[in-house]
Amino acid sequence: MIDALDEARKAYSCGEIPIGAVVEKDGQIIGRGYNQTETLRDPTAHAEMIAIREAAKTLGGWRLAGCELYVTCEPCAMCAGAMVWSRIHKVHIGTMDPKGGACGSVFNIIQEEKLNHFVEIETGLMEAECASLLKSFFRDLRQRGSRWKKQKESELTK
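An unreviewed UniProt entry annotates the protein chain as tRNA-specific adenosine deaminase originating from Aminipila butyrica. What UniProt records for the protein chain under Sequence similarities (unreviewed entry) is the sentence "Belongs to the cytidine and deoxycytidylate deaminase family. ADAT2 subfamily."

Okay, here's the thing in C-alpha coordinates:
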(Lines give C-alpha, C1' and ligand atoms only; values in the text may rest on other atoms or scores of the structure.)
Protein backbone atom coordinates (compact mmCIF):
# COMPACT_ATOMS: atom_id res chain seq x y z
CA MET A 1 0.00 0.00 0.00
CA ILE A 2 2.99 2.27 0.50
CA ASP A 3 3.65 2.13 -3.24
CA ALA A 4 -0.02 2.83 -4.02
CA LEU A 5 0.15 5.89 -1.74
CA ASP A 6 3.23 7.07 -3.63
CA GLU A 7 1.21 6.80 -6.83
CA ALA A 8 -1.66 8.74 -5.22
CA ARG A 9 0.76 11.52 -4.30
CA LYS A 10 1.76 11.77 -7.97
CA ALA A 11 -1.90 12.30 -8.83
CA TYR A 12 -2.20 14.98 -6.15
CA SER A 13 0.82 16.86 -7.51
CA CYS A 14 -0.81 16.88 -10.98
CA GLY A 15 -4.10 18.22 -9.63
CA GLU A 16 -5.82 14.85 -10.00
CA ILE A 17 -7.92 13.16 -7.34
CA PRO A 18 -5.20 11.39 -5.35
CA ILE A 19 -5.88 7.72 -5.89
CA GLY A 20 -3.05 5.31 -6.59
CA ALA A 21 -2.89 1.62 -7.37
CA VAL A 22 -0.35 -1.14 -7.86
CA VAL A 23 -0.73 -4.71 -9.09
CA GLU A 24 1.47 -7.30 -7.42
CA LYS A 25 2.26 -10.88 -8.41
CA ASP A 26 4.56 -13.18 -6.47
CA GLY A 27 5.84 -10.27 -4.38
CA GLN A 28 6.76 -8.09 -7.37
CA ILE A 29 4.94 -4.97 -8.58
CA ILE A 30 3.99 -5.53 -12.22
CA GLY A 31 1.69 -2.54 -12.74
CA ARG A 32 1.38 0.97 -11.34
CA GLY A 33 -1.13 3.72 -11.85
CA TYR A 34 -2.49 6.97 -10.54
CA ASN A 35 -5.56 8.94 -11.55
CA GLN A 36 -5.01 10.84 -14.79
CA THR A 37 -8.54 11.56 -15.98
CA GLU A 38 -7.98 15.33 -16.20
CA THR A 39 -4.45 15.12 -17.57
CA LEU A 40 -5.30 12.60 -20.29
CA ARG A 41 -8.88 13.86 -20.72
CA ASP A 42 -9.95 10.25 -20.47
CA PRO A 43 -12.76 9.10 -18.17
CA THR A 44 -11.23 5.61 -18.03
CA ALA A 45 -7.81 6.83 -16.82
CA HIS A 46 -8.37 5.74 -13.24
CA ALA A 47 -5.44 4.49 -11.17
CA GLU A 48 -6.74 0.93 -11.16
CA MET A 49 -7.33 0.82 -14.91
CA ILE A 50 -3.83 2.09 -15.64
CA ALA A 51 -2.25 -0.38 -13.19
CA ILE A 52 -4.28 -3.28 -14.63
CA ARG A 53 -3.31 -2.34 -18.21
CA GLU A 54 0.36 -2.14 -17.25
CA ALA A 55 0.19 -5.49 -15.43
CA ALA A 56 -1.44 -7.17 -18.44
CA LYS A 57 1.25 -5.74 -20.69
CA THR A 58 3.97 -6.96 -18.31
CA LEU A 59 2.50 -10.48 -18.22
CA GLY A 60 1.72 -10.52 -21.93
CA GLY A 61 -1.95 -11.32 -21.48
CA TRP A 62 -5.18 -10.04 -19.99
CA ARG A 63 -5.65 -12.75 -17.36
CA LEU A 64 -4.21 -11.54 -14.08
CA ALA A 65 -4.85 -14.72 -12.09
CA GLY A 66 -2.78 -14.79 -8.92
CA CYS A 67 -2.37 -11.00 -8.93
CA GLU A 68 -3.36 -8.66 -6.13
CA LEU A 69 -4.39 -5.03 -6.50
CA TYR A 70 -3.56 -2.45 -3.83
CA VAL A 71 -5.59 0.75 -4.16
CA THR A 72 -5.85 3.75 -1.87
CA CYS A 73 -9.61 4.24 -2.32
CA GLU A 74 -12.42 1.81 -3.01
CA PRO A 75 -12.79 1.25 -6.76
CA CYS A 76 -15.75 2.50 -8.78
CA ALA A 77 -18.03 0.25 -10.85
CA MET A 78 -15.82 0.52 -13.95
CA CYS A 79 -12.67 -0.47 -12.09
CA ALA A 80 -14.46 -3.21 -10.14
CA GLY A 81 -15.68 -4.65 -13.44
CA ALA A 82 -12.13 -4.57 -14.82
CA MET A 83 -10.92 -6.47 -11.76
CA VAL A 84 -13.51 -9.19 -12.34
CA TRP A 85 -12.81 -9.51 -16.07
CA SER A 86 -9.03 -9.53 -15.59
CA ARG A 87 -9.34 -12.23 -12.90
CA ILE A 88 -7.59 -10.27 -10.14
CA HIS A 89 -7.32 -12.62 -7.14
CA LYS A 90 -7.58 -10.08 -4.30
CA VAL A 91 -7.97 -6.34 -3.77
CA HIS A 92 -6.53 -4.47 -0.79
CA ILE A 93 -8.40 -1.19 -0.23
CA GLY A 94 -7.15 1.73 1.82
CA THR A 95 -10.31 3.73 2.43
CA MET A 96 -13.88 3.06 1.37
CA ASP A 97 -15.95 5.34 -0.87
CA PRO A 98 -19.50 5.59 0.52
CA LYS A 99 -20.69 7.65 -2.47
CA GLY A 100 -19.36 5.62 -5.40
CA GLY A 101 -17.58 2.51 -4.20
CA ALA A 102 -18.34 -0.76 -5.96
CA CYS A 103 -16.48 -3.17 -3.66
CA GLY A 104 -18.88 -3.12 -0.74
CA SER A 105 -20.03 0.45 -0.12
CA VAL A 106 -22.66 1.20 -2.77
CA PHE A 107 -22.33 -2.02 -4.75
CA ASN A 108 -20.21 -5.14 -4.43
CA ILE A 109 -19.54 -5.98 -8.06
CA ILE A 110 -16.37 -7.95 -7.37
CA GLN A 111 -18.25 -10.46 -5.25
CA GLU A 112 -21.46 -10.65 -7.29
CA GLU A 113 -22.34 -14.33 -7.45
CA LYS A 114 -23.93 -13.97 -10.91
CA LEU A 115 -20.54 -13.08 -12.41
CA ASN A 116 -17.90 -15.57 -13.47
CA HIS A 117 -15.17 -14.49 -11.04
CA PHE A 118 -15.00 -13.63 -7.34
CA VAL A 119 -12.37 -11.20 -6.00
CA GLU A 120 -11.31 -11.39 -2.37
CA ILE A 121 -11.36 -8.10 -0.44
CA GLU A 122 -9.27 -6.67 2.38
CA THR A 123 -10.24 -3.20 3.59
CA GLY A 124 -8.73 -0.63 5.92
CA LEU A 125 -5.11 -1.09 4.87
CA MET A 126 -3.36 2.16 5.88
CA GLU A 127 -6.83 3.67 6.00
CA ALA A 128 -5.90 6.83 7.92
CA GLU A 129 -3.13 7.76 5.47
CA CYS A 130 -5.29 7.07 2.42
CA ALA A 131 -8.28 9.01 3.77
CA SER A 132 -6.09 11.90 4.91
CA LEU A 133 -4.62 12.37 1.44
CA LEU A 134 -8.08 12.54 -0.12
CA LYS A 135 -9.36 14.94 2.54
CA SER A 136 -6.35 17.21 2.07
CA PHE A 137 -6.86 17.27 -1.68
CA PHE A 138 -10.52 18.24 -1.47
CA ARG A 139 -9.83 20.81 1.27
CA ASP A 140 -7.14 22.38 -0.94
CA LEU A 141 -9.48 22.29 -3.91
CA ARG A 142 -12.21 24.13 -1.96
CA GLN A 143 -9.71 26.70 -0.66
CA ARG A 144 -8.25 27.36 -4.07
CA GLY A 145 -11.66 27.33 -5.69
CA SER A 146 -12.17 28.18 -9.30
CA ARG A 147 -8.83 30.05 -9.52
CA TRP A 148 -6.94 26.77 -9.16
CA LYS A 149 -9.29 24.92 -11.53
CA LYS A 150 -8.88 27.61 -14.21
CA GLN A 151 -5.09 27.45 -13.84
CA LYS A 152 -5.11 23.66 -14.28
CA GLU A 153 -7.42 23.91 -17.30
CA SER A 154 -5.15 26.51 -18.95
CA GLU A 155 -2.12 24.27 -18.32
CA LEU A 156 -3.89 21.40 -20.07
CA THR A 157 -4.65 23.46 -23.16
CA LYS A 158 -1.03 24.51 -23.67
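Caption draft 1: Seen up close, the state of the cysteines. In the structure shown here, the tally under the stated rule is zero disulfides. Not part of a disulfide, C14 finds its nearest cysteine sulfur in C79, a span of 18 Å. A relative accessible area of 33% places C14 in the partly exposed class. There is no disulfide at C130, and the cysteine sulfur nearest it, in C73, is 8.4 Å away. C130 sits in the buried class, given a relative accessible area of 2%.

Caption draft 2: Highlighting the UniProt feature "active site" (unreviewed entry) in the protein chain. Taken from the UniProt record, the annotation "active site" (unreviewed entry) applies to E48. Mapped onto the secondary structure, E48 falls in helix α3 (residues 47-59). For E48, a relative accessible area of 3% translates into the label buried. Other than its neighbours up to four places away in sequence, E48 contacts A21, L69, V71, C73, P75 and C79.

Caption draft 3: Seen up close, the packing of α3 against helix α4 (residues 77-85). At a minimum axis separation of 9 Å, α3 and α4 run at an interaxial angle of 25°. In terms of orientation, α3 lies roughly parallel with respect to α4. Viewed along their axes, α3 and α4 form a crossing whose handedness is left-handed. Contacts between α3 and α4 involve E48, M49 and I52 on the former and, on the latter, M78, C79, A82 and M83. Here the contact of α3 with α4 is built from residues that sort into six nonpolar, no polar and one charged.

Caption draft 4: Main features of the nonpolar core. Within the largest apolar cluster, 28 residues are counted, with the highest numbers of intra-cluster contacts made by V23, L64, L69, M83, I88, V91 and I110. Within the residue set of this core, elements represented by two or more residues are β1 (20-25), α3, β3 (68-73), α4 and β4 (90-95). Considering every element that reaches this core, the biggest residue donor is α3, with six residues. The contacts of I110, once residues within four sequence positions are left out, are A80, M83, V84, V91, A102, C103, H117, F118, V119 and I121. Core analysis: the second largest hydrophobic core is formed by 10 residues, L5, A8, V22 and L133 among them.

Caption draft 5: Summary view of the sheet that holds β3. Strand order in the open sheet formed by five strands is β2-β1-β3-β4-β5, and the pairing between neighbours is mixed. Every interior strand has two partners, whereas the edge strands, β2 (28-34) and β5 (120-123), have only one. Shown here is a sheet whose adjacent strand axes are inclined to one another by a mean of 20°, direction ignored. Its contacts with the sheet place α3 against β1, β2 and β3, and it is angled at close to 145° to β2.

Caption draft 6: Structural view of α3. A rise of 1.5 Å per residue sets the reference length of α3, with its 13 residues, at 18 Å; its end C-alpha atoms lie 18 Å apart and thus fit the reference within 8%. When we look at burial in α3, the residues that qualify are A47, E48, M49, I50, A51, I52, A55 and A56. Structurally, α3 contributes buried residues whose contacts are with β1, β2, β3 and α4.

Caption draft 7: View of the pattern of salt bridges. According to the stated counting rule, one finds four salt bridges in the structure shown. A salt bridge links D6 to R9; the nearest nitrogen and oxygen atoms lie 3.0 Å apart. With D6 and R9 both in helix α1 (residues 2-13) and three residues apart, the pair spans about one turn of that helix. Put simply, E7 and K10 hold a salt bridge, and the shortest N to O gap is 3.0 Å. One end of the pair, E7, and the other, K10, are both in helix α1, three residues apart, so they sit about a helical turn from each other. For E7, a relative accessible area of 3% gives the class buried. You can call K10 partly exposed: its relative accessible area is 38%. Sharing partners across several salt bridges, the network here consists of D3, E7, K10 and R32.

Calculation criteria
- Residues numbered from 1 in each chain as written.
- Predicted model: local features only at pLDDT ≥ 70, side-chain atom pairs only at ≥ 80, totals over all residues.
- Heavy atoms only, no water.
- UniProt positions renumbered as here; feature names shortened; annotations may be inferred.
- Disulfide = S-S within 2.5 Å.
- Buried < 20%, exposed > 50% of the residue type's maximum accessible area, 1.4 Å probe, protein only.
- Helix = DSSP H or I, 4+ residues; strand = E, 2+ residues; numbered from the N terminus.
- Contact = heavy atoms within 4.5 Å.
- Axes fitted to C-alpha atoms, helices over the stretch in contact; angles between N-to-C directions.
- Parallel < 35°, antiparallel > 145°, perpendicular 65-115°, else oblique.
- Left-handed = near helix turned anticlockwise from the far one by under 90°.
- Nonpolar A, V, L, I, M, F, W, Y, C, P; charged D, E, K, R; others polar.
- Core = buried A, V, L, I, M, F, W, Y, C linked by side-chain atoms within 4.5 Å.
- Pairing = 2+ DSSP bridges.
- Expected span 1.5 Å × (residues − 1).
- Salt bridge = Lys/Arg side-chain N within 4 Å of Asp/Glu carboxyl O.

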